[in-house]
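Now for the letters of each chain:
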Amino acid sequence: MDVLKIAALAVSGVLLALMLKQTKPEYSVFVSMAVCICIFLYLLSKLQTVFGYLEQLEAQANIDGVYLDTILKMLGISYITQFASDICKDAGYSAVSSQIELFARVSVLFLSFPVLLALVGLIGEVL
């Protein structure tokens, strides 16, 4: 049912932004941003459940917490980047959007190096 709520909020916000675009185009961007922020905050409230499941997975599978933390950071970077990039594109600032996406790619690459080094070390131990 959450998907229906979010879809209704999104469609209502888009319709309102389209109506405002004809009379006050500068306000339509703000309506779009407000809808995006509401959806993002709702998503953040649901992430507590995911964190609980990840803690159970870490305990049951005996996975090092550093790896799960790294994966969560990468997911966080991806979600926040997509959110910010889309808002910039909607506002007409595609160059800023591209720079945000580039920064996120480099950040994820930077975070992945310790995991890659551990993987190479593990392969070296096996061989």
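Our subject in this report is the structure included herewith.

**Overview of the packing of aromatic side chains**
A ring pair, where both rings are aromatic, is described by two values, the distance of the centres and the angle of the planes.
At step 1: One pass over the full model with this rule turns up one aromatic pair.
At step 2: Seen in terms of ring centroids, Phe-40 and Phe-83 are 4.8 Å apart; in terms of plane orientation they differ by 20 degrees. Their pairing is stacked. Taken together, the positions of Phe-40 in helix H2 (residues 25-61) and Phe-83 in helix H3 (residues 65-90) put the pair 43 residues apart, joining distant regions of the chain.

**Examining the pattern of salt bridges**
At step 1: On inspection of all chains with the given rule, the structure shows three salt bridges.
At step 2: Note that Glu-101 and Arg-105 form a salt bridge whose closest N and O atoms lie 4.0 Å from each other. Pair noted here: Glu-101 and Arg-105 are both in helix H4 (residues 94-126), with a separation of four residues, about one helical turn.
At step 3: Each member of the salt-bridge network shares a partner with another, and the members are Lys-89, Glu-101 and Arg-105.

What counts and how
- Residues numbered from 1 in each chain as written.
- Predicted model: local features only at pLDDT ≥ 70, side-chain atom pairs only at ≥ 80, totals over all residues.
- Heavy atoms only, no water.
- Phe/Tyr/Trp six-rings, centres within 6.5 Å; stacked < 30°, edge-to-face > 60°.
- Helix = DSSP H or I, 4+ residues; strand = E, 2+ residues; numbered from the N terminus.
- Salt bridge = Lys/Arg side-chain N within 4 Å of Asp/Glu carboxyl O.

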